[in-house]
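Take a look at the letters that make up each chain.
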Amino acid sequence: MSTQVIGGTGDTGADLPAPQGPVLEVRNLSVDFGVDKKWVPAAIDLNYEVRAGEVLAIVGESGSGKSASSMSLLGLLPSNSRVTGEVLLNGKSVLTMSAARLRQIRGNDVAVIFQEPMTALNPVYTVGFQIIETLRLHNEISPDEAKQRALRLLQMVELPDPDKAFRSYPHQLSGGQRQRAMIAQSLSCDPKLLIADEPTTALDVTVQAEILDLMRNLRTKLNSAIVLITHDMGVVADLADRIAVMRQGRIVETGTAEQIFRNPQHEYTKALLAAVPHLGQGAGDDDVDITAALAAATHTELQTVDPGELERRAHDVLAQLEEVEQEASHATPGAAPVLELIDVAIEYPKQGRVPAFRAVEDANLTVYPGQVIGLVGESGSGKTTIGRAAVGLLPVAAGSMKVVGTDISGFRPTSKELAKVRRHVGMVFQDPSSSLNPRLPIGESIGEPMYLAGEAKGGELQKRIEALLDQVELPRAYRNRYPHELSGGQKQRVGIARALSLKPKLMVADEPTSALDVSVQAKVLELFQNLQRELGFACLFVTHDLAVVDVLADYICVMQRGRIVEQGARDQILRNPQNPYTQRLLAAVPLPDPEKQRERRELRAKLLATTD
Amino acid sequence: MVWYIVRRVLQLVPVFLGATLLVYFLVFSLPGDATAAICGERGCTPAVVAGLREQYNLDQPFWIQYLLYLKGVLTFDLGVNFSGRPIATIIAEVFPTTAKLAIMALVIEAVFGIVFGLIAGLRKGRLFDSSVLVVSLIVIAVPIFVLGFLMQFLIGVKLQWTNPTVSGDATVTELLLPAVVLGLVSFAYVLRLTRTSVIENVNADYVRTATAKGLSRRRVVVVHVLRNSLIPVVTFLGADLGALMGGAIVTEGIFNVNGVGNTLYRAVLNGDGPMVVSIVTFLILIFCLANLLVDLLYAWLDPRIRYA
């Protein structure tokens with residue numbers, strides 16, 4: 001049996017023999033899928049290797065073949081696939097193995113952490129059952145011993161209450177806890193190779209930071225080789241030793257993390273890095289050194305940074321803040337606000353026996369014409385709730401909510417007065433695929449608000465639709481196409497055009513780019529920014545992604561558990577965050593730069609130590 | 001959980017009242033004189049008719065009749081039918097046969113439906129899948145009495161594997177053929193439901209996880225795919241149990257099974273109001289209890305559903 005870290009023998013990886021050959025060698029690996037009786041390549045001629053204790057990140061956008069190629073290592077692809085080439089695990093060929101031998105390797109020598117722990121764990125069995133199942137499959141141990149080991153595993157992945165987690169069903173745990181349980185299950189047999197397929201994509205940024213910490217600790221503890229599949233450059237910078245960049249099925253560039261981030265060679269790598277929204281970089285060229293800002297705001301010293309240098313950097317950050325504030329003091333917003341929330345509470349009305357749920361409490365917020373307000377927070381913080389209430393989709397339970405001068409807090413969702421107010425408000429939804437009617441040509445989707453409002457008809461309507469398509473930079477001929485004929489980014493452009501069709505004074509954008517790839521997201525955000533400047537609408541931009549807010553927003557509003565904990569101008573929040581939650585949130589965002597990310601990580605650890 | 005069951009049982013009260021009222025009203029509105037059915041072809045003297053009317057409360061207005069009936073039910077006295085036999089005794093006599101038949105049919109349709117559906121789902125698009133789909137389509141499309149007579153003729157008369165009809169004892173072997181016929185249509189539905197559900201679940205992420213753990217194909221299918229796939233199937237089976245307990249009028253008729261369906265059929269023909277209302281009420285209660293059972297089973301299969 002392999003070295004049992006979990007078995008309690010006290011091994012910590014320090015006394016393991018130095019790694020010899022690579023754990024995983026991939027030679028000329030190609031994956032094809034049979035579609036309509038043709039082979040469509042998903043991965044072409046891949047070559048890479050991973051050594052023990054090393055993290056190889058495979059980076060690419062959706063459709064680049066990064067997931068398919070990694071799943072092929074364990075034969076986890078659907079039956080319409082074909083895998084060729086050679087995969088050597090500790091020198092033994094995996095692809096030619098018998099099914100029985102392959103089963104011995106799965107879960108034992110090679111384990112997988114999947115993207116979405118809610119669906120990757122079986123909903124009808126407890127976490128304990130699922131871990132024990134793996135343990136007893138690969139080890140000859142008694143049920144009692146298996147239970148003890150499973151509990152130790154749950155403890156190792158730092159679940160707050162291992163006993164309770166053991167007895168819980170997946171849906172009873174939070175997203176982060178579920179992913180910890182998933183990791184515990186993967187580690188149950190001390191795998192020599194761990195494949196992590198977008199392990200943090202479904203998680204909030206602070207939870208993501210915790211999971212990344214956990215994985216970093218485990219790597220040193222277990223000394224396994226890790227293949228990390230992700231599209232997030234921040235995650236890569238945080239964890240990876242070496243990086244392989246994939247595009248359209250091919251690896252276009254490989255190198256150490258340092259090489260790739262410092263000196264990317266391939267065009268695509270450069271483009272990918274440029275497209276990553278970088279918290280602190282903002283819209284202009286005034287980079288905000290968030291690490292220094294946080295260090296100054298919390299009076300933290302960092303070991304990795306010289307105190308003098310850190311002080312100088314912090315000084316720069318605050319000096320610029322003064323500059324910005326002086327500028328801002330000249331420009332006072334004179335016009336009446338387009339959205340005004342005073343002590344607003346919003347409830348999801350009770351349904352049957354489920355009591356009403358108060359999602360937002362004591363919210364005060366003012367949006368002036370032409371202003372872009374970024375509403376940030378983690379899932380469940382109530383940010384989307386505010387966005388929906390502003391359009392009248394949720395009733396206001398207390399306080400007053402004024403939209404374009406009208407108090408809508410007393411209106412019923414179907415009232416005529418509300419319909420009038422809605423004309424001035426446009427909304428862009430999160431998932432462009434499901435927010436466009438699949439049976440309407442996109443031209444009709446865009447024109448519908450104008451038609452319903454009685455703004456335009458016939459030829460006039462067609463002209464307006466064409467103008468809107470021009471504005472969102474889609475060809476006019478597209479107006480007869482159906483949503484499924486468009487790409488994700490194009491669909492979201494249609495969503496924006498529809499929201500703009502009535503020339504709204506206020507736009508509510510609910511995570512409009514979170515379903516898009518980074519390079520597409522960058523383009524959509526740029527378009528959005530140009531349109532906003534050109535048309536001058538005010539915008540409530542709801543997002544979980546601080547970097548996106550940083551690019552767009554003039555003003556940032558941070559929410560936690562239904563309350564607004566801090567709000568202020570963008571520079572105020574980024575350069576001098578005061579609320580501990582804001583500080584933690586900022587510190588959790590990984591930087592797409594390994595060196596800076598090390599500083600950030602240390603800072604975050606210190607922040608957490610002081611606030612706990 | 002206890003409260004949930006109590007609440008569900010309490011919900012039976014309005015269902016019971018509504019159902020009895022409706023059925024009572026329907027029987028009350030039947031054209032013709034109820035006493036004519038009792039007296040038969042020869043007819044009765046007016047004095048006898050008057051006596052019968054009084055005995056069965058037929059001289060009272062509708063509401064009084066209904067309330068008198070309810071009073072009887074609540075005191076566990078279902079009264080007598082038009083032939084003068086206590087209704088409770090009749091139900092106690094015929095129900096065990098129907099229950100036996102229903103449970104046999106349910107077991108047959110569940111076992112074969114789930115097994116065939118599972119195999120078809122795992123081999124989607126292959127020969128087995130296609131043939132099973134065609135067969136199930138035929139079974140669903142052809143009326144039950146055609147299937148019933150056909151199987152009775154082939155197996156009972158031609159091949160003589162069993163008796164073509166069921167005797168008064170209604171032994172398990174005798175009931176086998178009617179049970180197959182009775183379960184045939186539901187078997188086709190269970191099969192299709194299982195197949196769809198398996199196809200959906202076999203590509204689920206947690207099934208891939210189970211495979212990645214190194215579990216054998218058999219364990220992945222039985223432990224991880226099947227249990228999740230059974231959730232919708234159980235709902236169907238539960239509703240079906242209620243329907244089967246209600247007696248299969250056609251099937252029981254074909255095979256001459258002395259069960260609830262046959263008894264109900266005769267009562268309707270005879271215009272035997274008290275009998276019809278009592279049997280239907282009894283069946284409604286059985287149906288509701290079967291549904292409660294399903295809901296509890298459902299919670300056991302799917303821990304995400306919790307009743308409070």
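Chains are numbered independently. Their residues run from 1 in the order of the written sequence. The naming scheme follows written order: chains are lettered A onward, ligands numbered 1 onward. Two thresholds apply to this predicted model, a pLDDT of at least 70 for residue-level local features and 80 or more for giving and counting side-chain atom pairs, whereas whole-chain, interface and lining totals are computed over all residues.

Per the secondary structure count, chain A includes 24 helices and 20 strands. In terms of principal-axis extent, the alpha carbons of chain A reach across some 75 × 65 × 55 Å. When burial is assessed residue by residue, chain A has 49% of its 612 residues classed as buried. Any pair of residues counts as being in contact when their C-beta atoms, constructed from backbone geometry, are within 7 Å of one another. Long-range pairs, those at least 24 residues apart, make up 69% of the contacts in chain A with a sequence separation of at least 6. Helical segments are the DSSP runs of H or I of at least four residues, strand segments are the runs of E of at least two, and each set is numbered from the N terminus. To sort residues by exposure, count the other C-beta atoms lying within 10 Å of each residue's C-beta; 20 or more gives buried, 12 or fewer gives exposed, and values between give partly exposed, all with C-beta atoms placed from the backbone.

Take the interface of chain B and chain A next. The interface is formed by 19 residues belonging to chain B together with 22 residues belonging to chain A. Elements with a contribution of two residues or more to the side of chain B that touches chain A: helix H9 (205-212) and helix H10 (217-245) of chain B. Considering every element that reaches the side of chain B that touches chain A, the biggest residue donor is H9(B), with seven residues. Nonpolar residues are Ala, Val, Leu, Ile, Met, Phe, Trp, Tyr, Cys and Pro. Charged residues are Asp, Glu, Lys and Arg, and all others, Gly as well, are polar. A class-by-class count of the residues in the side of chain B that touches chain A yields seven nonpolar, six polar and six charged.

All names here are of chain A. Expected span of a helix: the number of residues minus one, times 1.5 Å. In this model, helix H8 (residues 205-222) (18 residues) spans 25 Å end to end at C-alpha, consistent with the 26 Å of a helix rising 1.5 Å per residue. Along H8, the residues that are buried comprise Val205, Val207, Gln208, Ala209, Glu210, Ile211, Leu212, Met215, Leu218, Arg219 and Leu222. Of the residues trailing H8, Asn223 is marked for its positive phi of about 55°.

Residues and elements named next belong to chain A. The element strand E18 (residues 538-543) is extensively covered by neighbouring structure, given that six of its six residues are classed as buried. Residues Ala538, Leu540 and Val542 line one face of E18 and the alternating positions Cys539, Phe541 and Thr543 line the opposite face, and both faces are buried. The path from the first strand over the helix to the second decides the hand: if it runs clockwise while the strands point away from the viewer, the crossover is right-handed. Handedness of the β-α-β unit built from strand E17 (residues 506-510), helix H20 (residues 518-535) and E18 comes out right-handed.

Residues and elements named next belong to chain A. Throughout, the edges of the domains are those of an automatic or database domain assignment. If you check the domain split of chain A, you get domain 1 (51-72 + 106-267) and domain 2 (339-443 + 488-576). Just the C-alpha atoms count here: the centres of domain 1 and domain 2 sit 34 Å apart. Listed as interface residues are six residues of domain 1 and, on the opposing side, six residues of domain 2. Taken together, the residues of the side of domain 1 that touches domain 2 sort by class into one nonpolar, three polar and two charged.

So, about the confidence of the model for chain B. Low-pLDDT portions of the prediction should not be read for the details of their coordinates. Per-residue confidence from the predictor is reported as pLDDT, a score between 0 and 100. Looking at chain B as a whole, the pLDDT averages 83, with 94% of positions reaching at least 70. For chain B, the element scoring lowest by mean pLDDT is helix H2 (residues 34-39) of chain B, at 66; helix H6 (residues 127-141) of chain B scores highest, at 92.

Let us look at the domain arrangement of chain B. All names here are of chain B. Segmentation of chain B into domains returns domain 1 (2-74) and domain 2 (90-301). With centres defined by C-alpha atoms, the gap from domain 1 to domain 2 works out at 32 Å. Looking at the side of domain 1 that touches domain 2 element by element, the count peaks at nine residues for helix H1 (residues 2-28). Of the residues that constitute the side of domain 1 that touches domain 2, the class distribution is twelve nonpolar, two polar and one charged.

Moving on: the UniProt feature "domain: ABC transporter" (unreviewed entry) in chain A. UniProt positions are given in the numbering used here, feature names are shortened, and annotations may be inferred rather than shown by experiment. Cross-referencing UniProt, the feature "domain: ABC transporter" (unreviewed entry) maps to residues 26-273 and 339-586 of chain A in the present numbering. With 40% helix and 27% strand, residues 26-273 of chain A has end C-alpha atoms that lie 26 Å from one another.

All names here are of chain A. The buried count for E17 comes to five of five residues, which makes it a mostly enclosed element. Both faces of E17 are covered, namely the face carrying Leu506, Val508 and Asp510 and the face carrying Met507 and Ala509. Bridge analysis of strand E16 (residues 425-428) against E17 gives four bridges, and the strand direction is parallel. If you follow Met427 over to E17, its bridge partner there is Val508. As paired elements, E17 and E18 share five bridges and run parallel to each other. Here a strand pair is declared whenever DSSP counts at least two bridges between the two strands.

What follows concerns the confidence of the model for chain A. When pLDDT is averaged along chain A, the result is 84, and 93% of the positions lie at 70 or above. Every residue in residues 1-19 of chain A scores below 50 in pLDDT, and together they form 24 contacts with partners more than four places removed in sequence or on other chains.

Spatially, the four strands line up as an open sheet ordered E2-E1-E4-E5 (chain A), and their pairing is antiparallel. Both outer strands of the open sheet, strand E2 (38-50) and strand E5 (92-93) of chain A, are each paired with one neighbouring strand and no more.

Residue and element names in this part refer to chain B. If you check UniProt for "transmembrane region" (unreviewed entry), the listed places come out as residues 12-30, 101-120, 132-155, 175-191, 233-255 and 275-301 in our numbering. The straight-line gap between the two end C-alpha atoms of residues 132-155 is 22 Å; of that span, 92% is helix and 0% is strand. Helix makes up 100% of residues 175-191 and strand 0%, and the two end C-alpha atoms of the span are 23 Å apart.

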